[in-house]
Amino acid sequence: MRRTSFTQMHCSIAQALELVGDWWTPLILRDLLLGLHRFEDLTENLGISRNLLTGRLAQLVESGIVERRLYQDRPPRSEYHLTEAGRELAPVLMALMAWGDKWATPPGGPPVRLRHDACGAVFTPQVCCSDCGEPVTAATVTELPGPGAAAGPGTALLHRRATAGNAD
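The paragraphs below set out a description of the structure included in this document. All figures in this text were calculated on a predicted structure; none of them were measured in a lab.

## A few points about the overall build of the protein
Here is step 1 of the chain: From N to C terminus, the protein includes seven helices and four strands.
Here is step 2 of the chain: The secondary structure elements of the protein, listed N-terminal to C-terminal, are α-α-α-α-β-β-α-α-β-β-α.
Here is step 3 of the chain: A compact globule built from 168 residues would reach a C-alpha radius of gyration of about 15 Å, whereas the protein, at 19 Å, exceeds it by more than 25%.
Here is step 4 of the chain: Taken along its principal axes, the extent of the C-alpha atoms in the protein is 65 × 40 × 30 Å.
Here is step 5 of the chain: The burial tally for the protein puts 23% of its 168 residues in the buried class.
Here is step 6 of the chain: Looking at the protein alone, contacts between residues at least 24 apart form 34% of all its contacts between residues at least 6 apart.
Here is step 7 of the chain: For the protein, the accessible area works out to roughly 12200 Å², and carbon and sulfur atoms hold 55% of it.
Here is step 8 of the chain: Positive and negative side-chain charges in the protein, numbering 16 and 18 respectively, have mean positions lying 6 Å apart.

Here it is in structure tokens:
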């Protein structure tokens, strides 16, 4: 089954989903963050077919989220490592994990706990305001049109708000 493409949608979430929105990608990224870098290790840990993993890794490399690093010449073998863009997905994955721990907990409870290296505390990830540091939720945030709000799919409502003079 072919999925819908969001390439024409003028929305940062839609564009991000074009790069990381299939089912396997967050799990591949999780394993790379956990330190699994070799193809065989990824295949074993994920229980994914070799063909599917090959395709997903190729897409991630092409998108600049993962890079291949040769570790053996004969026969040629590569490891897969997150680029800066890939490493910056860590908070997104942690937030998704926290949501899953709360609303879709596997039998036996959360399989992973996170410890903040700087202070040693085991913590639950939260999204916080970059200015004041307070946690943010849907109830504590107001969406405003940004400079990229366009009349097309994904930001049509924000564009209408901006052109109607309702933007702050």
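## Points about the packing of aromatic side chains
Here is step 1 of the chain: On inspection of all chains with the given rule, the structure shows zero aromatic pairs.
Here is step 2 of the chain: Geometry around Tyr71 places Arg38 over its ring, the cationic atom sitting 3.7 Å from the centre.

## Some words on the nonpolar core
Among soluble globular proteins, nonpolar side chains are generally buried collectively.
Here is step 1 of the chain: In this structure, Ile28, Leu29, Leu32, Leu53, Leu57, Ile65 and Val66 are the most contacted members of the largest nonpolar core, which totals 17 residues.
Here is step 2 of the chain: When contributions to this core are tallied by element, the ones reaching two or more residues are helix H2 (25–33), helix H3 (39–46), helix H4 (50–62) and strand S2 (77–82).
Here is step 3 of the chain: If near-sequence neighbours (up to four positions away) are discounted, Val66 is found in contact with Leu29, Leu32, Leu60, Val61, Tyr80, His81, Leu82 and Thr83.

## Considerations on the layout of surface pockets
Here is step 1 of the chain: Of the voids in this model, the largest pocket is the one considered here, and its volume is about 660 Å³.
Here is step 2 of the chain: For the lining of the largest pocket, the elements supplying multiple residues, two or more each, are H2 and helix H6 (90–103).
Here is step 3 of the chain: For the lining of the largest pocket, the element with the most residues is H6, which contributes eight residues.
Here is step 4 of the chain: Taken as a whole, the second largest pocket encloses approximately 480 Å³ of empty space.
Here is step 5 of the chain: If you trace the second largest pocket, you find 23 residues lining it, with Cys11, Ser12, Ile13, Ala16 and Leu17 closest to the centre.
Here is step 6 of the chain: For the lining of the second largest pocket, the elements supplying multiple residues, two or more each, are helix H1 (12–20), H2, H6 and helix H7 (156–163).
Here is step 7 of the chain: For the lining of the second largest pocket, the leading source of residues is H1, giving five residues.
Here is step 8 of the chain: Its residues assigned to classes, the lining of the second largest pocket shows 16 nonpolar, seven polar and no charged.

Conventions adopted
Residues numbered from 1 in each chain as written. Predicted model: local features only at pLDDT ≥ 70, side-chain atom pairs only at ≥ 80, totals over all residues. Heavy atoms only, no water. Helix = DSSP H or I, 4+ residues; strand = E, 2+ residues; numbered from the N terminus. Rg over C-alpha atoms; globule rule 2.2 N^0.38 Å. Buried < 20%, exposed > 50% of the residue type's maximum accessible area, 1.4 Å probe, protein only. Contact = heavy atoms within 4.5 Å. Areas by Shrake-Rupley, 256 points an atom, 1.4 Å probe, with all protein chains shown as cover. Lys, Arg positive; Asp, Glu negative; His and termini not counted. Charge placed at Lys NZ, Arg CZ, Asp CG, Glu CD. Phe/Tyr/Trp six-rings, centres within 6.5 Å; stacked < 30°, edge-to-face > 60°. Lys NZ or Arg CZ within 6 Å of the ring centre and 35° of its normal. Core = buried A, V, L, I, M, F, W, Y, C linked by side-chain atoms within 4.5 Å. 1 Å grid on protein atoms, 1.4 Å probe; cavity = no way out; pocket = protein on both sides within 12 Å on 5 of 7 lines; lining within 4 Å. Points joined across faces, edges and corners; volume = space filled by probe spheres on them. Nonpolar A, V, L, I, M, F, W, Y, C, P; charged D, E, K, R; others polar.

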